[in-house]
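Commentary on secondary and tertiary structure
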Amino acid sequence: MGRPKGHHDTGTSAWIKRFAPLIPPGGTVLDLACGLGRHSRYLLRRGHPVVALDIDVSALDKLRHRAKLEIVQTDLEAGEPWPLPGRRFAAVVVTNYLYRPIFPELLNSVEPGGVLLYETFAAGNECFGRPRNPDHLLQRGELLALLRGHMVIIAYEDIVVSGERRAAVQRVCARQP
Ligand SMILES: C[S@@+](CC[C@H](N)C(=O)[O-])C[C@H]1O[C@@H](n2cnc3c(N)ncnc32)[C@H](O)[C@@H]1O
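What counts as what
- Residues numbered from 1 in each chain as written.
- Predicted model: local features only at pLDDT ≥ 70, side-chain atom pairs only at ≥ 80, totals over all residues.
- Heavy atoms only, no water.
- Core = buried A, V, L, I, M, F, W, Y, C linked by side-chain atoms within 4.5 Å.
- Buried < 20%, exposed > 50% of the residue type's maximum accessible area, 1.4 Å probe, protein only.
- Helix = DSSP H or I, 4+ residues; strand = E, 2+ residues; numbered from the N terminus.
- Contact = heavy atoms within 4.5 Å.
- Phe/Tyr/Trp six-rings, centres within 6.5 Å; stacked < 30°, edge-to-face > 60°.
- Near = heavy atom within 4 Å.
- Polar contact = N/O pair within 3.5 Å; in protein donor to acceptor, adjacent residues only side chain to side chain.
- Areas by Shrake-Rupley, 256 points an atom, 1.4 Å probe, with all protein chains shown as cover.
- Nonpolar A, V, L, I, M, F, W, Y, C, P; charged D, E, K, R; others polar.
- Salt bridge = Lys/Arg side-chain N within 4 Å of Asp/Glu carboxyl O.
- pLDDT = per-residue confidence, 0-100.
- Pairing = 2+ DSSP bridges.

Moving on, we get to the nonpolar core. Ranked by internal contacts, the top residues of the largest apolar core, which has 29 residues, are Leu30, Leu32, Leu106 and Tyr118. If you list the elements that add at least two residues to this core, you get strand S1 (29-32), strand S2 (50-54), strand S4 (89-95), helix H3 (103-108), strand S5 (110-121), helix H4 (142-147) and strand S7 (166-175). When sequence neighbours within four positions are dropped, the list of residues in contact with Tyr118 reads Trp15, Val94, Tyr97, Leu98, Tyr99, Phe103, Leu106, Leu143, Gln170, Arg171 and Val172. Ile16, Ile23, Leu43 and Cys173 belong to the second largest nonpolar core, which has 23 residues in total.

Structure below.
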């Protein structure tokens, strides 16, 4: 079994755990850029059908038998049309991935009453390690600016976390009105 390069399973994000109870019960969740599937597995355990999407889905082989799991292998950055046209989800979960051109599709993919749970690296992370490329780092207030006028912000943080290593992150939980 392969695994996407450059990262490993660090367990369920505390942010995702904290706000998962706000996902409408039984609703389908999109785990975007799911990697090794740590959040797909967690959300399946919570009873949600999950659509797990990544450019490299090899790490999900052991989960393929799960009836409630749909695996989508696609390159989100290839300039192709959005791979899930017209689909709306009870939650869209994105952790440790940033590709700004798909922001509009992310917002459109959350059904009314559904939530967006987004947590990724932010400017300032250069001090602690990778990613350092500004393309992969949220600017100060960027998530808030993205969501303003579209979704209701339930919680937001722009902080330095200290887990396995220190990292600058922004994270948001927002509800689609
Ligand atoms: C740092 S990992 C985060 C994985 C997971 N969200 C997590 O937090 O455990 C980034 C993920 O983005 C995926 N990715 C990178 N470029 C991608 C692309 N162009 N299209 C789809 N997924 C991509 C990688 O394969 C990798 O699984």
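Still more to cover.
A few words now on the packing of aromatic side chains. One pass over the full model with this rule turns up two aromatic pairs. Between the aromatic rings of Phe103 and Tyr118, the centroid separation amounts to 6.4 Å while the plane-to-plane angle is 75 degrees, which identifies the pairing as edge-to-face. Of the two residues, Phe103 sits in helix H3 while Tyr118 sits in strand S5, which places them 15 residues apart along the sequence. Of the two residues examined, Phe103 and Tyr118, each falls in the buried class.

Here the focus is the site of the ligand. If you check the shell around the ligand, you find 15 residues, and the closest are Ala33, Arg38, Asp54, Asp75 and Thr95. Here a nitrogen atom of the ligand and a backbone polar atom of Ala33 are 2.7 Å apart. Protein coverage of the free-state accessible area of the ligand, which is 590 Å², stands at 84%. Counted by class, the shell around the ligand contains six nonpolar, five polar and four charged residues.

With that out of the way, let us pick up helix H2 (residues 38-45). Most of H2 is tucked away: six of the eight residues are buried. Among all positions in H2, only Arg38, His39, Ser40, Tyr42, Leu43 and Leu44 are buried. On its buried side, H2 packs onto helix H1 (14-19), S1, S2, strand S3 (69-73) and S4. Backbone geometry just downstream of H2 places Gly47 in the positive-phi region, at approximately 95 degrees.

Moving on: the pattern of salt bridges. In total, this model carries seven salt bridges according to the counting rule given. Among the salt bridges present, the one from Arg18 reaches Glu157, with a minimum N-O distance of 3.9 Å. One end of the pair, Arg18, is in helix H1; the other, Glu157, is in strand S6 (residues 152-162), with 139 residues separating them in the sequence. Put simply, Glu157 and Arg171 hold a salt bridge, and the shortest N to O gap is 2.8 Å. Taken together, the residues span a long stretch of sequence, with Glu157 in strand S6 and Arg171 in strand S7 at a distance of 14 residues. Taking the relative accessible area as the measure of exposure, Arg171 reaches 13% and is therefore buried. If you follow the salt bridges from partner to partner, you end up with Arg18, Glu119, Glu157 and Arg171 in one network.

Okay, the environment of His39 next. Structurally, the position occupied by His39 is in helix H2. Note on His39: relative accessible area 1%, which makes it buried. Placed 27 residues apart in sequence, His39 and Thr12 show a C-alpha to C-alpha distance of 6.1 Å. Once you skip the residues sitting within four places of it in the chain, His39 turns out to touch Gly11, Thr12, Ser13, Ile16, Asp31, Val93 and Thr95. A distance of 3.3 Å separates polar atoms of two side chains, one belonging to His39 and the other to Thr95.

Here we come to the confidence of the model for the protein. Per-chain confidence: the protein averages 94 in pLDDT, with 95% of residues scoring 70 or above. Segment residues 1-6: pLDDT under 50, and 15 contacts once partners within four positions in sequence are set aside and those in other chains are kept.

A few words now on the pairing of S6. The side chains of a regular strand alternate between both faces of the sheet. For S6 and S7, the ladder comprises ten bridges, and the chain directions are antiparallel. Residue pairing across strands places Ala155 opposite Cys173, the latter belonging to S7. In this antiparallel pair of consecutive strands, S6 and S7, the connection spans three residues.

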